[in-house]
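Secondary and tertiary structure notes
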Amino acid sequence: MDESEFEGTLVLEKLAEIGKVDDFFEAIDSDNFSAARSLMNLAKVDAETIAIVMKKMSDPGSH
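Just so you know, these numbers come straight off a predicted model, no measurement behind them.

Along the backbone of the protein chain there are four helices and zero strands. The secondary structure elements of the protein chain, listed N-terminal to C-terminal, are α-α-α-α. Across the 63 residues of the protein chain, 27% fall into the buried class. Once local pairs closer than 6 in sequence are excluded, the contacts in the protein chain between residues at least 24 apart make up 53%.

Counting residues in each nonpolar core, the largest one holds 14 residues, and the members touching the most others are V11, F24, M40, V53 and M54. Elements represented by at least two residues in this core include exactly α1 (8–17), α2 (21–29), α3 (33–42) and α4 (47–58). When residues in this core are grouped by element, the largest group, four residues, is from α4. Leave out the neighbours within four places in its chain, and M54 touches F33, A36, R37 and M40.

At a minimum axis distance of 8 Å, the contact between α1 and α2 shows a crossing angle of 125°. Taken together, α1 and α2 sit at an angle that is classed as oblique. Along the contact surface, α1 presents V11, L12, L15 and A16, while α2 presents V21, F24 and F25. For the contact of α1 with α2, the class distribution of residues is seven nonpolar, no polar and no charged.

Calculation notes
- Residues numbered from 1 in each chain as written.
- Predicted model: local features only at pLDDT ≥ 70, side-chain atom pairs only at ≥ 80, totals over all residues.
- Heavy atoms only, no water.
- Helix = DSSP H or I, 4+ residues; strand = E, 2+ residues; numbered from the N terminus.
- Buried < 20%, exposed > 50% of the residue type's maximum accessible area, 1.4 Å probe, protein only.
- Contact = heavy atoms within 4.5 Å.
- Core = buried A, V, L, I, M, F, W, Y, C linked by side-chain atoms within 4.5 Å.
- Axes fitted to C-alpha atoms, helices over the stretch in contact; angles between N-to-C directions.
- Parallel < 35°, antiparallel > 145°, perpendicular 65-115°, else oblique.
- Nonpolar A, V, L, I, M, F, W, Y, C, P; charged D, E, K, R; others polar.

Quick look at the structure:
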């Protein structure tokens, strides 16, 4: 997947299935990369998508 094709809704849907959307947003807001990655792994988000989210988290203008 190209980063320009990234669809964040898929990540949120998977997190919603396990009831972890709020925890995920807290991790993003506090720049807790480890927690965000763990939550996405728990939600069975694919590695390529996780890498894109991590890259977007590290970009100061993205959130």
